[in-house]
Amino acid sequence: MFIDEDSASMKKKFARTGERYFDGDHDILQYRVFYYNADGELTEDKTRSNVKIPHPFFKELTEQGTQYTLSGTEPFVLSDIPELQKELDDRFNNNDDFIDELSEVITDCQSKGFAYMYALKDSTDRMKFVCADSIGVVEVEARFADDGKDHVIYWYVDRIDKEGHRIKKIMDWDDEQVYYYVQTDEGEIERDITEKINPRPHILYQLDGDDHTYYDGFGFIPFFRLDNNKKQFSNLRAIKALIDDYDLMASSLSNNLIDFDTPIHVVKGFEGDNLDELQQNLKTKKIVGVGDEGGLEVHTVDIPYEARQAKLELDEKNIYRFGMGLNLSGLKDTSATTNIAIKAAYSLLDLRCKHLERNIKRFLRKIVKVVIDEINEQNETGYQIEDVRFEFTHEVMSNEQENKQNDLTDAQRKQTEINTLLNIANVLDQETIVQAICEILDIDYEDIKDKLPDDEAVKTGQVQQQLDDVVVTDGEGGGEGEQGAEAGSASTA
């Protein structure tokens with residue numbers, strides 16, 4: 001009953017639509033052509049071309065959001081406590097399995113409106129988190145359950161047997177154990193006899209030197225939900241009509257090209273026996289016989305290509321605009337595009353992902369809290385969830401030529417500042433000069449001050465000699481080009 005009611009809900013109905021469009025199964029694939037026959041009856045036209053071309057914009061927009069959110073190379077689960085940070089890196093930041101599952105959850109969340117991840121204990125006695133297909137997750141509140149507990153029902157199609165029957169696995173989770181069931185097609189739900197322990201506690205383990213099996217429960221239902229928004233709708237809702245219109249315009253244009261690529265022949269005074277002979281002559285001999293008053297006219301149909309092309313471009317622009325994605329075709333020649341223009345192109349995608357990141361942080365906080373409790377229990381520590389923060393960094397494409405020019409300009413600026421300091425070295429004390437130069441070159445003065453000579457005169461001469469080796473002086477270099485670039489690189493180093 002719970003599974004049937006959940007399946008019929010509007011939330012799951014639109015989630016399945018989002019899943020279809022993510023997989024490229026658009027409404028255009030069910031498009032049919034009809035006409036009214038001589039009797040006024042609506043009849044499907046199976047003679048005309050009916051091209052059906054889905055354009056998976058939604059998949060691209062969804063993948064953009066996932067990759068942009070997780071594009072940074074920096075850790076996203078952070079702590080100021082070194083020991084705790086090491087544990088977090090091992091379990092989250094440097095754990096490829098967790099990052100892969102998190103990527104699936106973020107993709108599911110955007111395409112279906114919500115996503116789930118559930119926890120298990122692996123063989124090393126650590127929490128392991130796995131993405132669950134949100135279509136098959138049913139939340140049951142305690143007030144509707146016979147035992148007065150909250151439940152989560154998770155079902156999925158395990159296999160299709162040789163007769164074509166769908167074998168469905170069903171798990172019923174509470175805060176202590178899991179019940180396993182099996183169902184064939186839409187038949188009766190039965191206990192899964194393939195599970196040796198049914199119901200099964202959340203955790204089963206053995207102690208060294210002991211043949212007995214012990215069990216334990218998490219004390220909570222180990223399912224964590226990530227919502228795309230408060231209404232749990234996918235990003236498809238804002239752009240579905242635009243994608244459908246784009247599919248229709250592109251498919252209709254293909255149909256026009258197919259249906260009207262053959263010219264229409266108008267024959268006057270035809271002397272043949274029948275039209276079949278005329279058609280055969282046109283196809284093979286390219287010759288038609290007509291009478292003295294006869295003639296042949298060839299007519300072609302002009303397809304309104306420009307109007308359809310303009311409509312397709314408008315739809316594509318609006319799909320990326322209202323889908324809040326990155327339209328790469330809008331960047332045209334990236335080598336001639338400034339970094340400001342590139343950042344502007346990323347603005348909508350960044351805005352969408354920033355909103356999603358707030359939900360991801362709340363989602364991760366619940367998961368990390370469970371892991372911290374496990375760390376405290378295993379290591380006898382007292383870490384708190386307040387000791388952890390979440391930060392996401394993003395990688396954005398840029399104009400490499402402009403970056404190099406900016407680096408050169410920055411190097412020349414540093415060179416000018418250092419030359420100015422050297423020109424007034426006889427006015428200020430040597431320590432102040434060296435501190436100022438270290439600040440320009442991003443060097444920690446405290447790390448090198450003990451290595452400087454004690455004698456002031458020697459110190460001044462050595463510092464001057466070292467800087468002459470690194471920095472182009474005023475007399476050598478106010479020049480630009482390769483010399484300035486080399487000086488800038490040396491200064492930066």
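An account of the accompanying structure is given in this report. Everything numeric here is computed off the predicted structure, so don't read it as measured data. (Residues numbered from 1 in each chain as written. Predicted model: local features only at pLDDT ≥ 70, side-chain atom pairs only at ≥ 80, totals over all residues. Heavy atoms only, no water.)

Turning our eyes to something else, we now look at a negative patch on the surface. A cluster of acidic residues, Asp96, Asp97, Asp100 and Glu104, forms a negative patch on the protein surface. The residue Asp97 is located in helix 5 (residues 96–112) in this model. (Patch = residues over 30% accessible without salt bridge, like charges linked within 9 Å, V, L, I, M, F, W, Y side chains within 5 Å. Areas by Shrake-Rupley, 256 points an atom, 1.4 Å probe, with all protein chains shown as cover. Salt bridge = Lys/Arg side-chain N within 4 Å of Asp/Glu carboxyl O. Lys, Arg positive; Asp, Glu negative; His and termini not counted. Charge placed at Lys NZ, Arg CZ, Asp CG, Glu CD. Helix = DSSP H or I, 4+ residues; strand = E, 2+ residues; numbered from the N terminus.)

A separate point is the nonpolar core. Across soluble globular proteins, nonpolar side chains have a tendency to be buried as a group. Among the nonpolar cores identified, the biggest contains 35 residues, and Phe129, Phe363, Leu364 and Val368 are the most heavily contacted of them. Put simply, the parts of the chain that give this core at least two residues each are helix 4 (82–93), helix 5, strand 4 (114–121), strand 5 (127–132), strand 14 (223–227), helix 9 (339–379) and strand 17 (388–390). It is helix 9 that contributes the most residues to this core, 10 residues altogether. With sequence-adjacent residues up to four places away left out, Phe129 is seen in contact with Phe98, Glu101, Met117, Tyr118, Ala119, Phe224, Ile367 and Val371. (Core = buried A, V, L, I, M, F, W, Y, C linked by side-chain atoms within 4.5 Å. Buried < 20%, exposed > 50% of the residue type's maximum accessible area, 1.4 Å probe, protein only. Contact = heavy atoms within 4.5 Å.)

A word on the packing of aromatic side chains. Evaluation of the coordinates by the stated rule reveals 17 aromatic pairs. Among the aromatic residues, those joined into a cluster by ring pairs are Phe92, Phe98, Phe129, Phe218, Phe220 and Phe224. Directly above the aromatic system of Phe114 lies the positively charged group of Lys11, at a separation of 4.8 Å from the ring centroid. Between Arg237 and the ring centre of Phe233, over which it is positioned, the NZ or CZ distance is 3.9 Å. (Phe/Tyr/Trp six-rings, centres within 6.5 Å; stacked < 30°, edge-to-face > 60°. Lys NZ or Arg CZ within 6 Å of the ring centre and 35° of its normal.)

Turning next to the pattern of salt bridges. Pairs can form between side chains of opposite charge whenever their charged atoms are close. On inspection of all chains with the given rule, the structure shows 29 salt bridges. Of the charged contacts, one joins Lys240 and Asp27 as a salt bridge, the two residues approaching to 2.7 Å between their closest N and O atoms. Placement of Lys240 in helix 6 (residues 240–259) and of Asp27 in the loop between helix 2 (10–22) and strand 1 (34–36) is noted, with a sequence separation of 213 residues between them. For Glu141, the salt bridge identified is with Arg143, shortest N-O distance 2.7 Å. Judged by relative accessible area, Glu141 falls into the partly exposed class, the value being 41%. Salt bridges sharing partners connect three or more residues here, namely Glu87, Arg91, Lys121, Asp125 and Glu374.

Next up on the list: the side chain of Lys168. Mapped onto the elements, Lys168 comes out in strand 8 (residues 166–173). No salt bridge is formed by the buried Lys168. Its closest oppositely charged neighbour is Glu186, at 4.2 Å. Excluding anything up to four places from it in sequence, Lys168 contacts Trp155, Tyr156, Val157, Asp158, Tyr181, Val182, Gln183 and Glu186.

Turning our eyes to something else, we now look at the packing of helix 3 (residues 57–69) against helix 9. Between helix 3 and helix 9, the least distance of the axes is 10 Å, while the angle of their chain directions is 70°. Taken together, the axis directions place helix 3 and helix 9 in an arrangement best described as roughly perpendicular. In the crossing of helix 3 with helix 9, the sense of the turn from one axis to the other is right-handed. Residues Leu61, Gln64, Gly65, Tyr68 and Thr69 of helix 3 pack against Tyr346, Leu349, Asp350, Arg352, Cys353, Glu357 and Ile360 of helix 9. In the contact of helix 3 with helix 9, the residues fall into six nonpolar, three polar and three charged. (Axes fitted to C-alpha atoms, helices over the stretch in contact; angles between N-to-C directions. Parallel < 35°, antiparallel > 145°, perpendicular 65-115°, else oblique. Left-handed = near helix turned anticlockwise from the far one by under 90°. Nonpolar A, V, L, I, M, F, W, Y, C, P; charged D, E, K, R; others polar.)

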